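Tertiary structure, described
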Amino acid sequence: MPSVASSNIMDLEKQIISTLQQAFKELFDHEVGESELSLQPTRKEFEGSYTFVVFPYLKVTKLNPEASAAKLGEFLKSNCKSVQEFNVVKGFLNISLSETSWLSVFKKLYTNPQLGQLPLNGKKVMVEYSSPNTNKPLHLGHLRNNFLGFSVSEILKANGYEVIKANLVNDRGIHICKSMVAYKHFGNGETPETSGIKGDHLAGKYYVIFDKEHKKQSRELIEKGLSEEDANKNTPIMLEAQEMLRSWEAGEKEVVDLWKSMNSWVYEGFNVTYKKMGVDFDKFYYESDTYLLGKNIVDEGLKKGVFFKKENGSIWVDLSDEGLDEKLVLRADGTSVYITQDMGTCELKYEDFQFDKSVYVVGNEQDYHFDVLFKIMRKLGRPYGDGLYHLSYGMVDLPSGKMKSREGTVVDADDLMQEMIDTAASHTKELGKIDGFTPEQAEELYEILGMGALKYFLLKVDPKKRMLFNPQESIEFQGNTGPFIQYSHARIASILRKAEQIDINYSADALEGLSHLEDTERELIVILNEFEKKIQLAGEDYSPSVLAQYMFDLAKEYNRFYAELPIFNERDEKVQSFRIALSALTAKTIRRGMQLLGIKVPDRM
RNA sequence: GGUCCUGUAGCUCAACUGGAUAGAGCAACUGCCUUCUAAGCAGUAGGUUUCAGGUUCGAGCCCUGACAGGAUCACCA
């Protein structure tokens, strides 16, 4: 039984729940499991902080909803120290906690050196994200992927996992050879240095050139009487690309050298982009190393009877008992398909890191692929089988619909980030808020704001939903945006500077003896107290949007507090110190929460 | 055609996993800078949650069936 009133809210909630269990036992002679009982936040329009819904228990109480709630409320009030008052509306029992409970919650949070970091759980998780192709630069879709992957990684760390961020680079294959062939014919030996073009964009340029040339040749073949399909397969440049792929696989020096140098340009370009994005990786895998993996797993599957061989020698898995169909895992000629390679890489990752979970941040167009992959690994009895998870996210659409490189509607990642930063710059200058900034500080601020706006915009939406990005209108700096939250932080930083300056003590000790809370102050504590829960939820759902939404709610609540209550004009010193401390905790929570989203917060803006 | 995902205010998104009168932001309108940053705060208006049934004390959420949008169903990756 809870004898000591704990100041931790998890305990506070537990305390109420366990008292409720006790109540059911003593009042109604009924045992209820702890997990069956749950509290929810009381809706704004009612008095109280937590609400218990009694409808499900009417059979047990054998009373009407109001009477049931009232009886439970009375019991809580007299048996649970923190419960000060209650009211009943229909079947809803609204519970008010004493101000001292809230103050002790505040103090606990305020003095927590590990705010926003749950204890280590001893588990390891790999998060694979980004995974670019090396034939063209990153675009808007990649931004969602990278921001998601990075944020999910940070969130999992905050949940106590050891996290390995992995990037599986698609650096080989026919699409790479297309860029190479085009470069060979039309490149005239240009390099990023001679052309002044960023490496990844330079490779992308030749990928586009390939496409143009291929189309041109295709048209010529069609004029000569070939069908469209045959023409597309047989243009000289396409045949050459395929031949180049074979040479590459055979390790022909000239081809491999070209491949190496073009890829190195691309990596240089990517590094710049990744740095701007603020993402990083602990481990790189390259498909050029892994594309032959997986055949041993195919053998194993055959032996175990999980796979079977068809007459022509191709190898298949039958997943019809799992609601899918048959799927090829190895071609008749013994060469790999995509999934062969992925089985091998999956196993390699496990050999390297022995993770408990492995998350793949990959777009939802590959739902089926990962469904198959994971089912296969489970059928093979892999110990990590149940820990495999596809974080499937929706496409980012433009007002004109899908991004199409052929129609030139692809929004380039580098361009977009720069546009955001430029917009932030002009907006900030307009507001005239950078007095006293050095040019370097101003530049840094623009980047923080522009990237903050962009990241928040892409992360606030539930990952699995497709989303619309309107370059003209989508990114705002007001309302439910990154800069709004950043602004809230800057405001507090300003308050704290002033508090330091006039030497106000707002340490936890200075708050002893405080006994009254304004509604806004209590609301703010209630929200601050949800931080840990939101981190957990975001981790369980692999969903930064949970946290993003929370950051907005917190900032909004703080701004209300800021507008309603005076701080430096407050006469009561204890109250003044408390409001500064409350502000400081809010700033700390915002900073930490935004960090988990990969977003920086400024001290001035 | 089969399978999967999505459908909520004019627009972009929420809704704590089945709870109270469905909430925010943008856009529109009305107030608030002689006081800690107005990138802010308060307020007005905006809804048959695509439609039709069903399950139950109670449904935006679960089930069935339509309708609409998207993805996927290659010896491509």
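What you are looking at is a predicted structure, and each value in this text was computed from that prediction instead of being measured.

The rules behind these values
One numbering rule holds for all chains: residues counted from 1, following each sequence as written. Labels follow written order: the first chain is A, the first ligand is 1, and so on. Two thresholds apply to this predicted model, a pLDDT of at least 70 for residue-level local features and 80 or more for giving and counting side-chain atom pairs, whereas whole-chain, interface and lining totals are computed over all residues. Any residue whose C-beta has 12 or fewer other C-beta atoms within 10 Å is treated as exposed, any with 20 or more as buried, and any in between as partly exposed, C-beta atoms being built from the backbone. Strands are runs of DSSP state E lasting at least two residues, helices are runs of H or I lasting at least four, and both sets are numbered from the N terminus onward. Note: the arc covers the axis-to-C-beta directions of the helix. The contact criterion used here is simple: two residues whose C-beta atoms, placed from the backbone, lie within 7 Å are in contact. Nearness here is judged by the C-beta atom: place it from the backbone, and if it falls within 6 Å of a molecule or strand, the residue counts as near that partner. Each residue receives one of three labels: charged for Asp, Glu, Lys and Arg, nonpolar for Ala, Val, Leu, Ile, Met, Phe, Trp, Tyr, Cys and Pro, and polar for the others, Gly being one of them. Two strands qualify as a pair provided DSSP detects at least 2 bridges between them. Note on method: axes are straight lines fitted to C-alpha atoms, helices fitted across the in-contact stretch only, with angles between N-to-C directions ranging 0 to 180 degrees. In this document the domain limits rely on a domain assignment from an automatic tool or a database. Here, a nonpolar core denotes buried Ala, Val, Leu, Ile, Met, Phe, Trp, Tyr and Cys residues that are linked to one another through C-beta atoms within 7 Å. Here the word oblique covers every angle except those under 35 degrees (roughly parallel), over 145 (roughly antiparallel) and from 65 to 115 (roughly perpendicular). Note on convention: the crossing is left-handed when the near helix lies turned anticlockwise from the far helix by less than a right angle, right-handed when the turn is clockwise. Multiplying 1.5 Å by the residue count of a helix minus one yields the expected span of that helix.

Another aspect to go through is helix α19 (residues 519–528). For α19, the full list of buried residues reads E521, L524, I525, I527 and L528. Buried residues in α19, looked at end-on, bunch into an arc of 165 degrees, giving them a common side. Along its buried surface, α19 packs onto α4 (99–110), α20 (531–540), α21 (544–564) and α22 (573–596).

Moving on, we get to the protein's contact with RNA strand B. RNA strand B sits among 73 residues. The nearest are F55, D462, G479, Y487 and I567. Of all the secondary-structure elements, those providing two or more residues to the surface near RNA strand B are β1 (40–41), β2 (50–53), β4 (92–97), α15 (367–379), α16 (413–431), β14 (467–468), α18 (482–501) and α21. With 8 residues, the top contributor of residues to the surface near RNA strand B is α18. When its residues are assigned to classes, the surface near RNA strand B shows 31 nonpolar, 23 polar and 19 charged.

Time to look at the sheet that holds strand β12 (residues 388–393). The 5 strands lie next to each other as β7-β6-β5-β11-β12, forming an open sheet whose pairing is parallel. Here the strands that pair on one side only, and so sit at the sheet edges, are β7 (283–286) and β12. Put simply, the sheet's adjacent strands are angled 25 degrees from each other on average, direction ignored. In the sheet, strand β5 (residues 124–128) pairs with strand β6 (residues 162–169) via 5 bridges, with the strands oriented parallel. By the bridge assignment, V125 is partnered in β6 with V163.

Below, the discussion takes up the domain arrangement of chain A. A common measure of how large an interface is: the accessible area buried when the components associate. Segmentation of chain A into domains returns domain 1 (9–97) and domain 2 (413–596). Once you take the C-alpha centre of each, domain 1 and domain 2 turn out to be 34 Å apart.

This brings us to the sheet that holds β2. Spatially, β1-β2-β4-β3 is the arrangement adopted by the 4 strands of the open sheet, whose pairing is antiparallel. On the outer flanks of this sheet lie β1 and β3 (83–89), each paired with one strand and no other. As judged from the 4 bridges shared by β2 and β4, these two strands associate in the antiparallel manner. Note on β4: the bridge partner recorded for V53 is F92. In the packing of helix α3 (residues 65–79) onto the sheet, the strands contacted are β2, β3 and β4, and the crossing angle to β3 comes to about 180 degrees.

Our focus in this paragraph is the nonpolar core. Formed by 136 residues in total, the largest nonpolar core has its most connected members in V127 and L547. Per-element accounting of this core gives the leading share, 11 residues, to helix α17 (residues 439–459). Inspection of this core shows a minimum of three residues originating in each of domain 1 (9–97) and domain 2 (413–596). Ignoring any residue separated from it by four or fewer positions in sequence, one finds L547 in contact with I155, K534, I535, A538, G593, L596 and L597. Listed in part, the 16 residues of the second largest apolar core include I297, I315, V329 and C346.

Quick look at the packing of α19 against α22 now. Interaxial distance between α19 and α22 falls to 11 Å at its minimum, and their mutual angle equals 30 degrees. On the basis of their axis angle, the class for α19 and α22 is roughly parallel. Here α19 and α22 pass one another in a crossing that is left-handed. Note on element contacts: α22 touches α19 through L582, L585, T586 and T589, opposite E521, L524 and L528. Partitioning the contact of α19 with α22 into residue classes produces 4 nonpolar, 2 polar and 1 charged.

Within the secondary structure layout, F24 lies in helix α1 (residues 9–28). Separated by 36 residues in the primary sequence, F24 and V60 have C-alpha atoms spaced 8.4 Å apart. Apart from the residues within four sequence positions on either side, F24 is in contact with H30, V32 and V60.

Residues three or four positions apart in an α-helix share a direction because the helix packs 3.6 residues into each turn. The end-to-end C-alpha distance of helix α5 (residues 140–158), which contains 19 residues, comes to 27 Å, matching closely the 27 Å that a straight helix rising 1.5 Å per residue would cover. Directly after α5, the chain includes G160, whose backbone phi takes a positive value near 100 degrees.

It is worth spelling out unusual backbone geometry at this point. Of note in this structure, K90 is not a glycine but carries a positive phi near 50 degrees. Mapped onto the fold, K90 is located in the loop between β3 and β4. Residues other than glycine seldom take positive phi values, yet D503 does so here, at roughly 60 degrees. Within the secondary structure, D503 sits in the loop between α18 and α19. A residue is classified by how many C-beta atoms lie within 10 Å of it, and D503, with 6 of them, is exposed.

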